[in-house]
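Next come the chains, spelled out residue by residue.
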Amino acid sequence: MKQIESIKEFGGYLNRYRHDSEVCHCPMTFSVYLPPAAEKGPVPALYWLSGLTCTDDNFRVKAGAQRYASDLGMALVIPDTSPRGDDVPDAPDRYDLGQGAGFYVNATQLPWNRHYHMYDYVTDELPRLVESELPLIPGLRSISGHSMGGHGALICALKNPDAYASVSAFAPICHPSECGWGQGCFSAYLGEDRDAWAAYDAVELIRNGARVDEILVDQGTADEFLEEGQLKPEDLENACKEAEIPLDLRRQPGYDHSYHFIATFIGDHLMRHAQALNRQR
């Protein structure tokens, strides 16, 4: 793990690191914001998963989260969205498959199955690395994300309910098995067995018995991908209702899919996560 950048922000430090990933078989880059409180002792962490076409840079530059994290004494851990490199398979004519579109699954199909293990990377390798090298409280984590990363946050929490104090999402891809983005990536990464898809689909996981204590989702009503049927928050709403999982689905009038939307409500999300994390201290 090598630090390649450090920028002081709001009394803390936004650092960038690179390491050789054992599960993705390539160098991986991620960012961590350490608040001022980290200079005095351990702090809890929010893991943020970004969406299609993004790197770690999108969230750390556009969301404005560091100001809130500084006040709340919370670290932010921001991985990339996929493996990258000249030897990593890609679909350069597509933005929704390959590099920048890891979908937070463990791929089983050629040519993706050697490198595209973002689920294991986010839930296992990265937390172990961060918690061994940086002053974070081991195991005291929450998770959030946007769009494809919102999908990732939901499935990571649902599949590992004891690993995260709380989960939230902005405009998540709620039911990827039933939308174009998810079907395109799942068939490429996981094959045509829809049972394999269900293991990485929030709605299907809930239908099959997965649970978390509660979920916070913000969805803009002017989101162009909502209109295209890519996000399907109503399917998550119905699944949570049937499973009696508390879902705070806030339909925000006039907001789109962009980081303007995220920046507007990220402070509220971080506050919710801070409260959940503090309850577990």
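Cut-offs applied
Residues numbered from 1 in each chain as written. Predicted model: local features only at pLDDT ≥ 70, side-chain atom pairs only at ≥ 80, totals over all residues. Heavy atoms only, no water. Helix = DSSP H or I, 4+ residues; strand = E, 2+ residues; numbered from the N terminus. Rg over C-alpha atoms; globule rule 2.2 N^0.38 Å. Buried < 20%, exposed > 50% of the residue type's maximum accessible area, 1.4 Å probe, protein only. Contact = heavy atoms within 4.5 Å. Areas by Shrake-Rupley, 256 points an atom, 1.4 Å probe, with all protein chains shown as cover. Lys, Arg positive; Asp, Glu negative; His and termini not counted. Charge placed at Lys NZ, Arg CZ, Asp CG, Glu CD. Salt bridge = Lys/Arg side-chain N within 4 Å of Asp/Glu carboxyl O. Pairing = 2+ DSSP bridges. Axes fitted to C-alpha atoms, helices over the stretch in contact; angles between N-to-C directions. Core = buried A, V, L, I, M, F, W, Y, C linked by side-chain atoms within 4.5 Å. Polar contact = N/O pair within 3.5 Å; in protein donor to acceptor, adjacent residues only side chain to side chain.

A. Structural context of the overall build of the chain. Looking only at helices and strands, the chain features 10 helices and nine strands. Rg of the C-alpha trace for the chain: 17 Å, near the compact-globule value of 19 Å for 281 residues, within the 12% margin. Structurally, the chain occupies a C-alpha span of about 50 × 40 × 35 Å along its principal axes. Per-residue burial for the chain yields a buried fraction of 60% across its 281 residues. When contacts within the chain are restricted to residue pairs at least 6 apart in sequence, long-range pairs at least 24 apart make up 70% of them. Element-wise, carbon and sulfur atoms account for 45% of the exposed surface of the chain, whose accessible area totals about 11,400 Å². Computing the positive centroid from 24 side-chain charges and the negative centroid from 41, the chain places the two 5 Å apart.

B. Region of the structure containing the pattern of salt bridges. One pass over the structure, following the stated rule, counts 14 salt bridges. In this structure, E5 engages R60 in a salt bridge whose closest nitrogen and oxygen atoms are separated by 2.6 Å. With E5 in strand β1 (residues 2-9) and R60 in helix α1 (residues 56-62), this residue pair connects regions lying 55 residues apart in the sequence. Taking relative accessible area as the criterion, E5 reaches 26% and is therefore assigned partly exposed. On the accessibility criterion, R60 (7% relative accessible area) is buried. R16 is the partner of D56 in a salt bridge, and the nearest nitrogen-oxygen pair spans 2.8 Å. One end of the pair, D56, is in helix α1; the other, R16, is in strand β2 (residues 12-21), with 40 residues separating them in the sequence. A relative accessible area of 2% means that D56 is categorised as buried. The class for R16 is buried, based on a relative accessible area of 18%.

C. Spotlight on the side chain of T81. With respect to the helices and strands, T81 occurs in the loop between β5 (75-79) and α3 (118-133). Dropping the residues within four chain positions of it, T81 is found in contact with S50, G51, C54, G100, A101, G102, F103, Y104, M118 and M148.

D. Quick look at the sheet that holds strand β8 (residues 215-220). Here we have three strands laid out as an open sheet, ordered β7-β8-β9, and parallel in their pairing. The sheet is open, and its two edges are formed by β7 (168-170) and β9 (247-252), each paired on a single side. Direction aside, the axes of adjacent strands within the sheet are offset by 10° on average. Along the sheet, helix α10 (residues 259-279) contacts β7, β8 and β9; its crossing angle with β7, the most-contacted strand, is approximately 180°.

E. Region of interest: the pairing of β8. β8 sits mainly inside the fold: six of its six residues count as buried. Taking every second residue as pointing to the same face, both faces of β8 are buried, with I215, V217 and Q219 on one and L216, D218 and G220 on the other. Where β7 meets β8, three bridges bridge the pair, whose relative direction is parallel. Its bridge partner lying in β8, S168 is registered against L216. Pairing of β8 with β9 involves six bridges; the strand directions are parallel. Paired with Q219 across the two strands is R251, which belongs to β9.

F. Up close: the nonpolar core. With 97 residues, the main nonpolar core has F59, L76, F103, Y121, L136, I143 and Y189 as its most contacted residues. Of the residues forming this core, the biggest block, nine residues, is contributed by α10. What Y121 contacts, discounting residues up to four positions off in sequence, is H19, S21, V23, C24, M28, F30, P79, L126 and P127.

G. Highlighting the pairing of β1. Alignment of β1 against β2, held across seven bridges, turns out to be antiparallel. Note that in β2 the partner of E9 across the bridge is G12. Connecting the antiparallel pair β1 and β2 is a turn made up of two residues, with F10 showing a positive phi of about 50°.

H. Here's a closer look at the environment of D124. Within the secondary structure layout, D124 lies in helix α3. On the basis of relative accessibility, which here comes to 36%, the residue D124 falls in the partly exposed class. Residues D124 and Q275 lie 151 residues apart in sequence; the distance between their C-alpha atoms is 24 Å. Only 2.9 Å separates the side chain of D124 from the side chain of R128, close enough to count as a polar contact.

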